[in-house]
Amino acid sequence: MGVASPEGADAASDSAETKQRKPTELVEQPAKVMRLGTMIKQLLEEVKDAPLDEAGRARLAEIHRRSLTELEQGLAPELVEELERITLPLADGTPSEAELRIAQAQLVGWLEGLFHGIQTAIVAQQMAAQQQLQQIRLGLPGGAVGPPGAGMIPGQPPGQPGSSSGPDDEQPTGQYL
């Protein structure tokens, strides 16, 4: 085993930091990305069964190009790189209907995957926060749920006569038999 140089440690921490980034931080302009995603999905639905003439195909190709440019402005660099890797450019000139529909469907699918990933991450964060809160609650005296000392008589230690441990708890009578 070798010793890592400071540069290697920095590079490793940078890549770990990138991987540790919250998915919600990867979308820098969420409202813009949601609007564009909704528009692209609706556009795909509208043109799905309609025949497109050359002008319609040219217009749809331009909308697709502009949508990609606008999306890239709302995404973190990691997602822009991913989108550029998976998105094939449309052919120069007027693309065919099939090319346009495939490109639009691919983009819609990628955006839906992005949105589902963000939703999943948010749910996971909420579950982790709930679990952490539950652990904090379990750490309270007597396993009580609530603020420390809730339901107890001041000056009485927990479990002593006069403390309220619960409605069904039997209170000692003071007899030793």
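Residues numbered from 1 in each chain as written. Predicted model: local features only at pLDDT ≥ 70, side-chain atom pairs only at ≥ 80, totals over all residues. Heavy atoms only, no water.

Colleague: Please set out the packing of helix H3 (residues 54-74) against helix H4 (residues 77-86) residue by residue, giving values where relevant.
Modeller: Contact geometry for H3 and H4: axes closest at 8 Å, N-to-C directions at 155 degrees. One element, H3, and the other, H4, form an angle in the roughly antiparallel class. In the packing of H3 onto H4, the handedness of the crossing is right-handed. Between H3 and H4, the contacting residues are Leu68, Leu71 and Glu72 on the first element and Val80, Leu83 and Glu84 on the second. Per-class residue counts for the contact of H3 with H4 are four nonpolar, no polar and two charged. (Axes fitted to C-alpha atoms, helices over the stretch in contact; angles between N-to-C directions. Helix = DSSP H or I, 4+ residues; strand = E, 2+ residues; numbered from the N terminus. Parallel < 35°, antiparallel > 145°, perpendicular 65-115°, else oblique. Left-handed = near helix turned anticlockwise from the far one by under 90°. Contact = heavy atoms within 4.5 Å. Nonpolar A, V, L, I, M, F, W, Y, C, P; charged D, E, K, R; others polar.)

Colleague: Could you give an account of the layout of surface pockets, with specific residues and numbers?
Modeller: Volume-wise, the second largest pocket comes out at about 150 Å³. When residues of the lining of the second largest pocket are assigned to their parent elements, the largest contribution, five residues, is made by H3. The residue inventory of the lining of the second largest pocket, partitioned by class, reads four nonpolar, three polar and three charged. (1 Å grid on protein atoms, 1.4 Å probe; cavity = no way out; pocket = protein on both sides within 12 Å on 5 of 7 lines; lining within 4 Å. Points joined across faces, edges and corners; volume = space filled by probe spheres on them.)

Colleague: Lay out the nonpolar core in plain terms, naming residues and giving numbers.
Modeller: Considering soluble globular proteins, one finds that nonpolar side chains tend to be buried as a cluster. Val33, Leu71, Leu75, Leu111 and Leu114 are the most contacted members of the largest nonpolar core, which has 20 residues in total. When residues in this core are grouped by element, the largest group, seven residues, is from helix H5 (residues 97-138). Those residues within four positions of Val33 in sequence are excluded, and the remaining contacts are Val27, Leu71, Gly74, Leu75, Leu111, Leu114 and Phe115. The next biggest cluster of nonpolar side chains, apart from the first, holds eight residues, and it includes Val47, Leu60, Leu90 and Ala103. (Core = buried A, V, L, I, M, F, W, Y, C linked by side-chain atoms within 4.5 Å. Buried < 20%, exposed > 50% of the residue type's maximum accessible area, 1.4 Å probe, protein only.)

Colleague: Give a detailed account of the environment of Glu70, specifying residues and quantitative values.
Modeller: For Glu70, the location among the structural elements is in helix H3. The spacing of Glu70 and Val33 is 37 residues in sequence and 8.3 Å in space, taken between C-alpha atoms. With near-sequence residues (within four places) excluded, Glu70 lies in contact with Lys32 and Leu36.

Colleague: An account of the packing of helix H2 (residues 30-47) against H3 is needed here, citing residue identities and associated values.
Modeller: The axes of two packed helices give the description: the angle between them and the distance between them. Here H2 crosses H3 at 160 degrees, and the two axes come no closer than 9 Å. It follows from the interaxial angle that H2 and H3 lie roughly antiparallel. When you trace H2 past H3, the crossing you get is left-handed. In this structure, H2 uses Lys32, Val33, Leu36, Met39, Ile40, Leu43 and Val47 to contact H3, whose residues at the interface are Leu60, Ile63, Ser67, Glu70, Leu71, Gln73 and Gly74. Partitioning the contact of H2 with H3 into residue classes produces nine nonpolar, three polar and two charged.

Colleague: How would you sum up the pattern of salt bridges? Please name residues and give values.
Modeller: Evaluation of the coordinates by the stated rule reveals six salt bridges. Each of Glu62, Arg65 and Arg66 takes part in salt bridges that share partners, so that together they form one network. (Salt bridge = Lys/Arg side-chain N within 4 Å of Asp/Glu carboxyl O.)

Colleague: Explain empty space enclosed by the protein to me, and be specific about the residues and the numbers.
Modeller: Tallying each qualifying case throughout the model produces one cavity of 30 Å³ or more. In this structure, the largest cavity occupies an estimated 30 Å³ of space. Lining the largest cavity are His64, Leu68, Leu83, Ile86, Thr87, Ala103, Gln106, Leu107 and Trp110. Only H3, H4 and H5 provide two or more residues apiece to the lining of the largest cavity. Here the element with the most residues in the lining of the largest cavity is H5; it accounts for four residues.

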